[in-house]
Amino acid sequence: LKDRALGKRKIAIKAEKKQPEVRIVDFIQRFIDDTKTGIRLSTKKTAIKKQSAKPYGNIKKAFAEFETEVGKKLYFRNVDQDLLDEFELYLIHGKNLAINTRGKYMQMLLVVLKYAEKNKLLSRDILLDLKIVVATEESDSIYLNKKELEAFGEYTNPDNPYLEFIRDMF
């Protein structure tokens, strides 16, 4: 009788500790909303600028597309190293992202996962086990020098005012 009573008690305790099922894409939106409204604070406990939430819309979109690719909705209970590796492979092959862009997405995902851990949706042990490598490469960005900028600024084409508009916008 005592074992039975304790058994029921243990089951009741387990039911209380069960985490709510939160979809990762939905939480990314919550992360964005919390950043915009000032609920999410920086590590120095100051407000984060609203515009810093904008790039997280890209990670939300990419993760939603990834869910479509794998054919199922993904929840925090699904978070493990295999999931992150599959997502990174999707960014490489499915989205064909450059190394720096892919690294930025993975870095943003890590920030979201840390916020999920803070909100008790992800255990600290799981977060510590995850290995997210933020890959980067030196950029090959090409810039115009001063002489080229001046030549561009002096460009005129009365036959095509649209090109002059583009020049002015540049």
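In this report, the structure presented in the accompanying data block is examined. (Residues numbered from 1 in each chain as written. Predicted model: local features only at pLDDT ≥ 70, side-chain atom pairs only at ≥ 80, totals over all residues. Heavy atoms only, no water.)

All right, on to the pattern of salt bridges then. Here the structure, examined in full by the defined rule, presents 7 salt bridges. Its salt-bridge partner being Arg-23, residue Glu-67 comes within 2.5 Å of it at the nearest N-O pair. Placement of the pair is Glu-67 in helix α3 (residues 56-70) and Arg-23 in the loop between α1 (2-17) and α2 (24-37), with a sequence separation of 44 residues. Between Asp-34 and Arg-30 there is a salt bridge, with the nearest N and O atoms lying 3.6 Å from each other. (Salt bridge = Lys/Arg side-chain N within 4 Å of Asp/Glu carboxyl O. Helix = DSSP H or I, 4+ residues; strand = E, 2+ residues; numbered from the N terminus.)

Let's shift gears to the packing of aromatic side chains. Inspection of the entire model under this criterion finds 9 aromatic pairs. Taken together, a centroid distance of 5.5 Å and an interplanar angle of 80° make the contact between Phe-31 and Tyr-115 edge-to-face. Of this pair, Phe-31 sits in helix α2 while Tyr-115 sits in helix α5 (residues 99-118), placing them 84 residues apart in sequence. Taken together, the ring pairs connect Phe-27, Phe-31, Tyr-56, Phe-76 and Tyr-115 into an aromatic cluster. (Phe/Tyr/Trp six-rings, centres within 6.5 Å; stacked < 30°, edge-to-face > 60°.)

A cluster of nonpolar side chains, Tyr-155, Tyr-162, Leu-163, Phe-165, Ile-166 and Met-169, forms an exposed patch at the surface whose accessible area comes to about 610 Å². Along the chain, Phe-165 turns up in helix α8 (residues 161-169). Taking relative accessible area as the criterion, Phe-165 reaches 45% and is therefore assigned partly exposed. (Patch = residues over 30% accessible without salt bridge, like charges linked within 9 Å, V, L, I, M, F, W, Y side chains within 5 Å. Areas by Shrake-Rupley, 256 points an atom, 1.4 Å probe, with all protein chains shown as cover. Buried < 20%, exposed > 50% of the residue type's maximum accessible area, 1.4 Å probe, protein only.)

Quick look at unusual backbone geometry now. Despite not being glycine, Lys-45 has its phi angle at roughly 60°, a positive value. Inspection of the secondary structure assignment puts Lys-45 in the loop between α2 and α3. You can call Lys-45 exposed: its relative accessible area is 59%. If you check the backbone angles, Asn-96 has positive phi at about 55° while not being a glycine. Summarising the element assignment, Asn-96 is placed in the loop between α4 (81-94) and α5.

One finds Phe-63, Phe-76, Phe-87 and Leu-113 to be the most contacted residues of the largest nonpolar core, which totals 34 residues. Those elements that place two or more of their residues in this core are α2, α3, α4 and α5. For this core, the element with the highest residue contribution is α5, accounting for 8 residues. Those residues in contact with Phe-87 that sit more than four places away from it in its chain are Ile-59, Ala-62, Phe-63, Phe-66, Met-106 and Leu-109. (Core = buried A, V, L, I, M, F, W, Y, C linked by side-chain atoms within 4.5 Å. Contact = heavy atoms within 4.5 Å.)

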